[in-house]
Amino acid sequence: MPEDFEKMKQEQERKRALWREKQKAKIGEKLSIREPVIQKTAEPEEELPEGRSPRAIMVRLRAAQAKERTAQKTTKQKALESLPGGEVAARIREWQQTMKRLKTIYRIINGASGITLVGLIITFLIMNAQLFLGNLMKMKFIPELDWPEILILLFVDFIVGMAILIFILFISFLIGSFVK
């Protein structure tokens, strides 16, 4: 009986030690959340648990996400390292020239379509969209309007608004005169 008692005691001690290790691992896992992702990916893939349990799926998913993040970081770093300072400046200048070309294309479209009545309506809509999206919302690919263009657009908006108001009043007077 003492042998059985000793075996049971050893088994209990083993279980307690295992439980303590699990608790330490949980605490370490909770604390290591703030550590860089690179340290977590050092585990080989063979150690990932197999199976369909939620825990096993979560562990595999986290490992795959960590691997993907490190791959993205390394590709970004390689791309930045491969570009010397002169090339970066050249790309910025190229991007600025592209924006200037887009701005001139928008101006040409606005001017050319402004010849006809439908063109005036399209120009009015495009310039209002440029004012709202380019100037107010600061979208990258829609060029901003300059101050003279903004002033002209505000003047045209005022005239169009007054024309719409007069048209509505005229229609309401016509309807009112027929109703009496």
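Residues numbered from 1 in each chain as written. Predicted model: local features only at pLDDT ≥ 70, side-chain atom pairs only at ≥ 80, totals over all residues. Heavy atoms only, no water.

**Here's the deal with the overall build of the protein**
(1) Moving on: For the protein, the helix and strand inventory stands at 6 helices and 0 strands.
(2) Moving on: A buried classification covers 12% of the 180 residues belonging to the protein.
(3) Moving on: Contacts in the protein between residues at least 24 apart in sequence constitute 38% of all its contacts with a sequence separation of at least 6.
(4) Moving on: Accessible surface computed for the protein: about 15700 Å², of which carbon and sulfur atoms make up 68%. (Helix = DSSP H or I, 4+ residues; strand = E, 2+ residues; numbered from the N terminus. Buried < 20%, exposed > 50% of the residue type's maximum accessible area, 1.4 Å probe, protein only. Contact = heavy atoms within 4.5 Å. Areas by Shrake-Rupley, 256 points an atom, 1.4 Å probe, with all protein chains shown as cover.)

**What to know about the nonpolar core**
(1) Moving on: Listed in full, the 5 residues of the largest apolar core are Met-127, Leu-131, Leu-145, Ile-150 and Leu-153.
(2) Moving on: Mapped by element, the contributors of at least two residues to this core are helix H5 (117–136) and helix H6 (147–179).
(3) Moving on: With sequence-adjacent residues up to four places away left out, Leu-145 is seen in contact with Met-127, Gln-130, Leu-131, Asn-135, Ile-150 and Leu-153. (Core = buried A, V, L, I, M, F, W, Y, C linked by side-chain atoms within 4.5 Å.)

**Looking at the packing of H5 against H6**
(1) Moving on: Contact geometry for H5 and H6: axes closest at 11 Å, N-to-C directions at 125 degrees. Here H5 is positioned oblique relative to H6, judged by the angle of their axes. With respect to the hand of their crossing, H5 and H6 are arranged in left-handed fashion. In this structure, H5 contributes Phe-124, Met-127, Asn-128, Leu-131 and Asn-135 to the contact, and H6 contributes Glu-149, Ile-150, Leu-153, Val-156, Asp-157 and Val-160. (Axes fitted to C-alpha atoms, helices over the stretch in contact; angles between N-to-C directions. Parallel < 35°, antiparallel > 145°, perpendicular 65-115°, else oblique. Left-handed = near helix turned anticlockwise from the far one by under 90°.)

**Let's talk about the confidence of the model for the protein**
(1) Moving on: Residue-level pLDDT values for the protein average 79, and 79% of them are 70 or greater.
(2) Moving on: A low-confidence stretch, residues 32–45 stays under pLDDT 50, and its non-local contacts, those more than four residues away or across chains, total 10 contacts. (pLDDT = per-residue confidence, 0-100.)

**Let's talk about the pattern of salt bridges**
(1) Moving on: Using the criterion set out here, one finds 4 salt bridges in the structure.
(2) Moving on: The closest approach of N and O atoms between Arg-16 and Glu-13, which form a salt bridge, is 3.1 Å. With a gap of 3 residues between them, Arg-16 and Glu-13 both fall in helix H1 (residues 2–31), about one helical turn apart.
(3) Moving on: Accessibility expressed as a relative area gives 41% for Arg-16, which makes it partly exposed.
(4) Moving on: Residue Glu-13 is classed as partly exposed on the basis of its relative accessible area, which comes to 40%.
(5) Moving on: For Lys-138, the salt bridge identified is with Glu-144, shortest N-O distance 3.5 Å.
(6) Moving on: The class for Lys-138 is exposed, based on a relative accessible area of 55%. (Salt bridge = Lys/Arg side-chain N within 4 Å of Asp/Glu carboxyl O.)

**Here's the deal with H6**
(1) Moving on: An ideal rise of 1.5 Å per residue puts 48 Å on 33 residues; H6 measures up with 48 Å between its terminal C-alpha atoms.
(2) Moving on: Of the positions making up H6, those classed as buried are Glu-149, Ile-150 and Leu-153. (Expected span 1.5 Å × (residues − 1).)

**Section: the environment of Thr-70**
(1) Moving on: Here Thr-70 lies in helix H3 (residues 54–82).
(2) Moving on: Within the local environment of Thr-70, its side chain forms a polar contact with the backbone oxygen of Lys-67, the two atoms lying 2.7 Å apart. (Polar contact = N/O pair within 3.5 Å; in protein donor to acceptor, adjacent residues only side chain to side chain.)

**Thoughts on unusual backbone geometry**
(1) Moving on: Residues other than glycine seldom take positive phi values, yet Lys-138 does so here, at roughly 55 degrees.
(2) Moving on: Relative to the assigned elements, Lys-138 resides in the loop between H5 and H6.

**With respect to H5**
(1) Moving on: Look at H5: 27 Å from first C-alpha to last across 20 residues, which is about the 28 Å you get at 1.5 Å a residue.
(2) Moving on: Listing the buried residues of H5 in full gives Gly-119, Thr-123, Met-127, Gln-130, Leu-131, Gly-134 and Asn-135.
(3) Moving on: Lys-138 sits one or two residues past H5 and shows a positive phi near 55 degrees.

**Some remarks on the side chain of Glu-149**
(1) Moving on: Structurally, the position occupied by Glu-149 is in helix H6.
(2) Moving on: Those residues in contact with Glu-149 that sit more than four places away from it in its chain are Arg-107 and Met-127.

**Considerations on the side chain of Asn-135**
(1) Moving on: Within the fold, Asn-135 resides in helix H5.
(2) Moving on: In this view, Asn-135 contacts Gln-130, Glu-144, Leu-145 and Ile-150; residues no more than four positions away in its chain are not counted.

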